[in-house]
Amino acid sequence: EDQVTQSPEALRLQEGESSSLNCSYTVSGLRGLFWYRQDPGKGPEFLFTLYSAGEEKEKERLKATLTKKESFLHITAPKPEDSATYLCAVWGSQGNLIFGKGTKLSVKP
Amino acid sequence: GAVVSQHPSWVICKSGTSVKIECRSLDFQATTMFWYRQFPKQSLMLMATSNEGSKATYEQGVEKDKFLINHASLTLSTLTVTSAHPEDSSFYICSATPGQVYGYTFGSGTRLTVV
């Protein structure tokens, strides 16, 4: 069964304190792993797509990496405006995106 | 970039009435759109897959007679919540895919409150 598990559920950081979010996945034949950011009361916003193990993508303070079983979203020197829920998803066997439950990140000044 | 527009952003309705939510792909054609529901502090739950020119595919446990979906054109899908009740109050989000590399592009969501 296709599955995406994210951890931790919630993460509180001080401004400047770097950390990583984890996304473990089980899918037959990975066709793409996606990271999204969702602010309260808004739809998810696309961040990255990763396709193969070893691939990395960067955007400002965020860097996404991918292995055969999991993906990490590294946040370097976060700022309060990075506070959001980060969602991970993979293309499932049925042709639809399967989402994890998300990690709620709070960055305190 | 690909944009999905969702309207309205929020709506308050009385119990027993119906509410229609629109989802439009603005700069690409979408033969398939997806409707999600999200409860507070929970992740996205796929409700149904909307297919242009044909019937929607509903996920298990979603009442097709309550959540009517119409996908009459390549850029518009609508979700009508019929005979709404307070337990239907939720955040509804639509999405479409402009291409596999982007996954899904999401609308901004509709906050439905049934009083």
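Owing to the predicted nature of the structure, the values given are computational and were not obtained by experimental measurement.

Student: Just checking my understanding: could you explain the environment of D2 of chain A for this structure?
Tutor: All names here are of chain A. Summarising the element assignment, D2 is placed in the segment before β1 (3–7). The exposure class of D2 is buried, given its relative accessible area of 18%. The spatial distance from the C-alpha of D2 to the C-alpha of S28 is 7.3 Å, given a sequence separation of 26 residues. Not counting residues within four places of it along the chain, the set of residues in contact with D2 comprises T26, V27, S28, G92, S93, Q94 and I98.

Student: Any chance you could explain the pairing of strand β11 (residues 103–108) of chain A here in plain terms?
Tutor: For a regular strand, side chains alternate in direction, first toward one face of the sheet and then toward the other. Residue and element names in this part refer to chain A. One ladder, built from 5 bridges, connects strand β2 (residues 10–14) with β11; its direction is parallel. Note on β11: the bridge partner recorded for R12 is S106. Inspection of the sheet shows strand β9 (residues 84–91) paired to β11 by 3 bridges, in the antiparallel sense. Looking at the pairing, Y86 lines up with T103 of β11.

Student: Mind showing me how you'd approach the side chain of T65 of chain A here?
Tutor: All names here are of chain A. Inspection of the secondary structure puts T65 in strand β7 (residues 62–66). Judged by relative accessible area, T65 falls into the buried class, the value being 13%. Filtering out sequence-adjacent residues up to four positions away, T65 remains in contact with L50, E55, E56, E70, S71, F72 and H74.

Student: Whenever I open this one, a positive patch on the surface confuses me. Can you help?
Tutor: Among the surface-exposed residues, R12, K104 and K108 of chain A together with K41 of chain B lie close enough to one another that they form a single positively charged patch. As for its placement among the helices and strands, K41 of chain B is situated in the loop between β4 (32–38) and β5 (45–51). Classification of K41 of chain B as exposed rests on a relative accessible area of 85%.

Student: Please explain the environment of S15 of chain B as it appears in this structure.
Tutor: Residue and element names in this part refer to chain B. Mapped onto the elements, S15 comes out in the loop between β2 (10–13) and β3 (19–25). Judged by its relative accessible area of 38%, S15 falls in the partly exposed class. Along the chain, S15 and S77 lie 62 residues apart, while their C-alpha atoms are 24 Å from each other. Not counting residues up to four positions away in its chain, the partners in contact with S15 are A84, H85, P86, V114 and V115.

Student: Looking at this model, I keep getting lost on the pattern of salt bridges. Mind explaining?
Tutor: Any two side chains of opposite charge can pair, given that their charged atoms come close. Residue and element names in this part refer to chain A. For the structure shown, the criterion picks out 6 salt bridges over all chains. We note a salt bridge from K63 to E56, for which the minimum N-O separation is 3.8 Å. Given a relative accessible area of 28%, K63 falls into the partly exposed group. Taking the relative accessible area as the measure of exposure, E56 reaches 49% and is therefore partly exposed.

Student: Looking at this model, I keep getting lost on the environment of V62 of chain B. Mind explaining?
Tutor: Residue and element names in this part refer to chain B. Considering the arrangement of structural elements, one finds V62 in the loop between β6 (57–58) and β7 (67–73). Separated by 26 residues in the primary sequence, V62 and Y36 place their C-alpha atoms 11 Å from one another. Not counting residues up to four positions away in its chain, the partners in contact with V62 are M47 and F67.

Student: So what exactly am I meant to see when it comes to the sheet that holds strand β6 (residues 56–59) of chain A here?
Tutor: Adjacent strands of a sheet form backbone hydrogen bonds with each other and so pair up, either parallel or antiparallel. Residue and element names in this part refer to chain A. Reading across the sheet, the 5 strands line up as β1-β3-β8-β7-β6 and stay open at both edges, with antiparallel pairing between neighbours. The open sheet has two edge strands, β1 and β6, and neither has a second partner. Between one strand axis and the next, the sheet turns through 15 degrees on average, direction left out of account. Here 5 bridges tie β7 to strand β8 (residues 70–75), and the two strands are oriented antiparallel to one another. The partner of T65 across the bridge, within β8, is F72.

Calculation notes
- In every chain, residue numbers begin from 1 and rise along the written sequence.
- The lettering of chains begins at A and the numbering of ligands begins at 1, in the order of writing.
- Side-chain atom pairs in this predicted model are given and counted only at pLDDT of 80 or more, local residue features only at pLDDT of at least 70, and totals for whole chains, interfaces and linings cover all residues.
- Side-chain metrics rest on all non-hydrogen atoms present in the structure, leaving aside hydrogens and water.
- In DSSP terms, a helix is any run of H or I states spanning at least four residues, a strand is any run of E spanning at least two, and both are numbered starting from the N terminus.
- Think of it in three bands: residues with accessible area under 20% of the maximum for their type are buried, residues over 50% are exposed, and the middle band is partly exposed, with areas taken using a 1.4 Å probe on protein chains only.
- In what follows, a contact means two residues having at least one pair of non-hydrogen atoms within 4.5 Å.
- Here the rule is simple: two strands pair whenever DSSP picks up at least two bridges between them.
- A residue counts toward a patch only above 30% relative accessible area and without a salt bridge, and it is joined to like-charged neighbours within 9 Å or, for Val, Leu, Ile, Met, Phe, Trp and Tyr, to nonpolar neighbours within 5 Å.
- Here the open area of atoms and residues is found with the Shrake-Rupley method and a 1.4 Å probe, where only the protein chains shown may cover a residue.
- Here a salt bridge means any side-chain nitrogen of Lys or Arg lying within 4 Å of a carboxyl oxygen belonging to Asp or Glu.
- Positive charge is attributed to Lys and Arg, negative charge to Asp and Glu, and no charge count is given to His or to the chain ends.
- Taken as the charge location is NZ of Lys, CZ of Arg, CG of Asp or CD of Glu.
- For every element, the axis is a line fit to its C-alpha atoms; helices are fit only across the contacting stretch, and the angle between N-to-C directions ranges from 0 to 180 degrees.

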